[in-house]
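This is what each chain is made of:
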Amino acid sequence: MLEVTPTVYISPRMNPGVRARVWETVSDWYSAEPKGSLVMVWRDLNQTGGVGIETLGEPPRELVEVDGLWLVKRML
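A. A look at the overall build of the protein. For the protein, the count of helices and strands is 1 helix and 6 strands. Secondary structure elements of the protein, listed N to C terminal, follow the sequence β-β-α-β-β-β-β. Put simply, 9% of the contacts in the protein that link residues at least 6 apart link residues at least 24 apart. In the protein, the 8 positive side-chain charges and the 10 negative ones have mean positions that sit 5 Å from each other.

B. Region of interest: the pattern of salt bridges. Taken as a whole and assessed by the stated rule, the structure comprises 1 salt bridge. Here Glu33 and Lys35 are joined by a salt bridge, their closest N and O atoms 3.4 Å apart.

C. The side chain of Arg19, seen in detail. Summarising the element assignment, Arg19 is placed in helix H1 (residues 16-32). For Arg19, which is buried and forms no salt bridge, the nearest opposite charge comes from Asp44, at a distance of 5.7 Å. When residues no more than four places from it in sequence are discounted, the contact partners of Arg19 are Met14, Met40 and Trp42.

D. Seen up close, unusual backbone geometry. Residues other than glycine seldom take positive phi values, yet Asp67 does so here, at roughly 50°. Looking at where Asp67 falls in the secondary structure, it is placed in the loop between strand E5 (61-66) and strand E6 (69-74).

E. Seen up close, H1. The end-to-end C-alpha distance of H1, which contains 17 residues, comes to 24 Å, matching closely the 24 Å that a straight helix rising 1.5 Å per residue would cover. Where H1 is buried, its residues touch strand E3 (37-43) and strand E4 (51-57).

F. View of a nonpolar patch on the surface. A surface patch of nonpolar side chains, about 330 Å² in accessible area, is lined by Leu2, Val4, Val8 and Ile10. Elements supplying a minimum of two residues to the nonpolar patch: strand E1 (2-5) and strand E2 (8-10). By secondary structure assignment, the location of Val8 is in strand E2. Judged by relative accessible area, which is 37%, Val8 ranks as partly exposed.

G. How the structure looks around the environment of Thr55. Examined against the element boundaries, Thr55 turns out to sit in strand E4. For the pair Thr55 and Ser27, spaced 28 residues apart in sequence, the C-alpha to C-alpha distance is 9.7 Å. Contact partners of Thr55, with chain neighbours within four places excluded, come to Trp23, Leu38, Val39 and Leu63.

H. Up close: the environment of Asn46. The residue Asn46 is located in the loop between E3 and E4 in this model. Put simply, Asn46 and Glu24 are 22 residues apart on the chain and 22 Å apart in space, counted from C-alpha to C-alpha.

Cut-offs and rules
Think of each chain on its own: its residues are numbered from 1, step by step along the sequence as written. With the structure being a predicted model, the display of local features is reserved for residues of pLDDT at least 70 and the display and counting of side-chain atom pairs for 80 or more, all residues being used for whole-chain, interface and lining totals. To get the side-chain values, take all heavy atoms of the structure and skip hydrogens and water. What counts as a helix is a DSSP run of H or I of at least four residues, what counts as a strand is a run of E of at least two, and both are numbered from the N terminus. Between two residues, a contact is recorded if the distance between any of their heavy atoms is within 4.5 Å. Counting rule for charge: Lys and Arg are taken as positive, Asp and Glu as negative, and neither His nor the chain ends is counted. Positions of charges follow a simple convention, taking NZ of Lys, CZ of Arg, CG of Asp or CD of Glu. Whenever Lys or Arg places a side-chain nitrogen within 4 Å of a carboxyl oxygen from Asp or Glu, that contact is recorded as a salt bridge. Classification of residues uses two cut-offs on accessible area relative to the type maximum, computed with a 1.4 Å probe and protein chains only: under 20% is buried, over 50% is exposed, and between them is partly exposed. Expected span of a helix, by definition, is 1.5 Å for each gap between consecutive residues, and there is one gap fewer than residues. Grouping into patches uses exposed residues only, defined as over 30% relative accessible area, and leaves out salt-bridged ones; the cut-off is 9 Å for like charges and 5 Å for nonpolar side chains (Val, Leu, Ile, Met, Phe, Trp, Tyr). Using a 1.4 Å probe, accessible areas were evaluated by the Shrake-Rupley method; residue-level cover was limited to the displayed protein chains.

Shown next as structure tokens:
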């Protein structure tokens, strides 16, 4: 993966198996030291807006589908 800016990594051709292992690993790290947040985004034509999204961390947020788009709703 390429680090395009500090703490932002991209990999345009990551397959689903590798993506699942990466998410499992970073989720384990997060559960051991829960600070900050994680967001993983990938192309998925079967999902809203053509992207799949996984999130973990603070501040708590909820992804809401509105007219085929994802919007982020802050949880208070």
